[in-house]
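# Structure at a glance
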Amino acid sequence: MLEHCERDINTDMQGGLNDGYQPSGDLLKDRVILVTGAGDGIGRAAAVEYSKYGATVLLTGRTKSKLERVYDEIVGLGYVEPMIYVLDLAEVGEDELMQIALSIRKDLGRLDGVLHNAADLDVLTPFEHIDQASWERTMRVNVTIPFLLTKACIPLLREQKSSSIVFTTDECANKPKGYWGAYAVSKAAVQNFAGMLAIELQNTSVSVNCIDPGATRTGMRLRTHPGSPIKSYPLPAAIMTAYLYLMGPDSAGVRGHVLQAAKWLENTRDDRQYQIKGATIIP
Amino acid sequence: MTKTQRRFLTPPSIIITFIISVLGMEYAQAETVVSSAISTAGVVPTKASLPVTAAKVDAKSSTQSDEAAKLNAVPTIVSSSCMTCHGQQGITAPGVMFPNLAGQWAFYLRTQLYDFKSHQRADPMAAIMWGMVAPLTDAQIHQVATYFSNQVRNPGVSENLKRVEAGKKIYEGGLLKEDVPACMACHGPTGVGIPPLFPALAGQRQGYVVNQLNYFKLGTRADDPDGVMRDIAKNLTSEQIMELAAYVRAL
Ligand SMILES: NC(=O)c1ccc[n+]([C@@H]2O[C@H](COP(=O)([O-])OP(=O)(O)OC[C@H]3O[C@@H](n4cnc5c(N)ncnc54)[C@H](OP(=O)(O)O)[C@@H]3O)[C@@H](O)[C@H]2O)c1
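Below or above, wherever it landed, is the structure these notes cover.

What counts and how
Residues numbered from 1 in each chain as written. Chains lettered and ligands numbered in written order. Predicted model: local features only at pLDDT ≥ 70, side-chain atom pairs only at ≥ 80, totals over all residues. Heavy atoms only, no water. Core = buried A, V, L, I, M, F, W, Y, C linked by side-chain atoms within 4.5 Å. Buried < 20%, exposed > 50% of the residue type's maximum accessible area, 1.4 Å probe, protein only. Helix = DSSP H or I, 4+ residues; strand = E, 2+ residues; numbered from the N terminus. Contact = heavy atoms within 4.5 Å. 1 Å grid on protein atoms, 1.4 Å probe; cavity = no way out; pocket = protein on both sides within 12 Å on 5 of 7 lines; lining within 4 Å. Points joined across faces, edges and corners; volume = space filled by probe spheres on them. Nonpolar A, V, L, I, M, F, W, Y, C, P; charged D, E, K, R; others polar. Near = heavy atom within 4 Å. Polar contact = N/O pair within 3.5 Å; in protein donor to acceptor, adjacent residues only side chain to side chain. Areas by Shrake-Rupley, 256 points an atom, 1.4 Å probe, with all protein chains shown as cover.

## Brief notes about the nonpolar core
With 41 residues, the main nonpolar core has A:Leu97, A:Ile104, A:Leu111, A:Phe167, A:Val208 and B:Leu9 as its most contacted residues. Tallying contributions element by element places helix 4 (residues 132-158) of chain A first for this core, with 11 residues. In this structure, A:Phe167 is in contact with A:His116, A:Pro146, A:Thr150, A:Val190, A:Phe193, A:Ala194, A:Leu197, A:Val208, A:Asn209, A:Cys210 and A:Ile211, ignoring residues within four places of it in sequence. A:Ile33, A:Ala46, A:Leu115 and A:Val254 belong to the second largest nonpolar core, which has 37 residues in total.

Here it is, written out as structure tokens:
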């Protein structure tokens, strides 16, 4: 029998985030935050949430119509008007990323935070069935481009008194599981990269942390766990506490942590209790 | 809410007109790239530690290697001025709007330097170069042009495959209906140009190529002989310009 190969991450270390954490309404006032994969799932929820707390969000993602829907949703709710940039992480290169940073400076004047949320995940399959192109696309979208985007944005982020970079990781980054392929490898790489950046930037105004959202009711979850009781997972909107905390000034000094978003579930936005009672829900 | 009311971040092709206003930042960026490249190499380049580039040194023939060393010795004017924006070896920092000069034909480089000097090249970015060339003597112009033409060209990188493919079609086949000839005819099938008149485009920075094609299109760059590039560019859409720039970068 193969020994379990587990590297425990310290999940108690939640970077000072407390149970009763209540962000103030203007937590992100005047800030500019870039979100990748903002068109759907967790990225969409984070974009809406950041706008609600006063940030101008640069919505980036691969499908224009989805970004426009999120845009309209934010404006419809009366939150701060966002901005869109259609950005396919599988296609973009360093030149364009550097130019995006220039455009951010020109159009928005500043940048206070980057949420690396988009991720590529092909089918879960035994490794012999993964073809090279799929492997490389996953590593590019999940690791290489976030690295280059970070590089392009660093000069802008360093200009602010406090700014945040948040990477998205996954349980499989620390606990090898079968069949997760390049996705798991990429998440392990992302977590290492985030830790490395946190150290390199420790004496700057830029703090770098990771969030593991945990099982969440999104399209990705359906793809990775087909047939699983999808409605037994919380909605993205219910796990936003950690996302807000790390993006705002309350987490000043918190660097190099991995926060478990599901630990900070907002009960009022978790609809599963109604589900259990048999009420219909609109996800 | 209608589409036109939504706010979109300025796409790369439109930034150009604003480039002057952000130049301060680009300049600083290019400088850090250059200085960090030097510090990671651990040496401040001197004549002795110069990498030998385009002109290959033949160990057996000392006259030939002397020749090569002379060609590759960095002219003072390059290290004191041009390098900040164009890189010591004529390769600029990724993402900036400054053109690579490495491996460009010397005749073309000289022509451009004289065009800047006489203000005949007067596109929106040209003013930056006017100041740079003003103090140069004919001998210095000759020297820097020769130096940069002897450096190794920027290797091609294809970054946006869809655009690269679309660009290749236009580059090699032109656009029949729009009366756009194949770029290949003058800039060569591999983008290395045809001396003396037709410049190399291979590996050139996308941002710079997009700029130049727009300048030709708008007629603000008007130093091309017989308006040849203006005639061509006026029929290109901004998407086609992006595609051509992506392809040329890939060559
Ligand atoms: N859901 C979970 O249970 C769970 C668990 C652990 C970790 N995570 C992590 O949480 C993050 C968000 O996941 P999610 O569940 O919200 O996934 P999702 O619902 O599939 O959303 C992912 C978003 O990323 C975008 N995207 C994918 N590939 C892209 C590319 N090449 N370029 C640009 N955008 C791209 C998608 O755009 P389109 O909509 O246009 O395709 C989509 O908007 C990921 O990093 C994931 O690894 C999720």
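And the narrative resumes.
## Focus: empty space enclosed by the protein
All names here are of chain B. In total, this model carries four cavities of 30 Å³ or more according to the counting rule given. Within this model, the second largest cavity holds a volume of roughly 70 Å³. Taken together, Asn100, Ala102, Gly103, Gln104, Arg153, Asn154, Ala200, Leu201, Ala202 and Gln204 make up the full set of residues lining the second largest cavity. The residue inventory of the lining of the second largest cavity, partitioned by class, reads four nonpolar, five polar and one charged.

## Here we look at the site of the ligand
Residue and element names in this part refer to chain A. In the region of the ligand, 30 residues are neighbours, and Arg62, Thr63, Lys66, Tyr183 and Thr218 sit closest. Here an oxygen atom of the ligand sits 2.6 Å away from a polar atom, N or O, in the side chain of Arg62. Contact between the ligand and Thr218: an oxygen atom at 2.5 Å from a side-chain N or O atom of the residue. For the ligand, the accessible surface in isolation is 890 Å², of which the surrounding protein chains cover 95%. A per-element tally of the shell around the ligand places helix 6 (residues 219-224) first, with four residues.

Shape is all these values report; function is a separate question.
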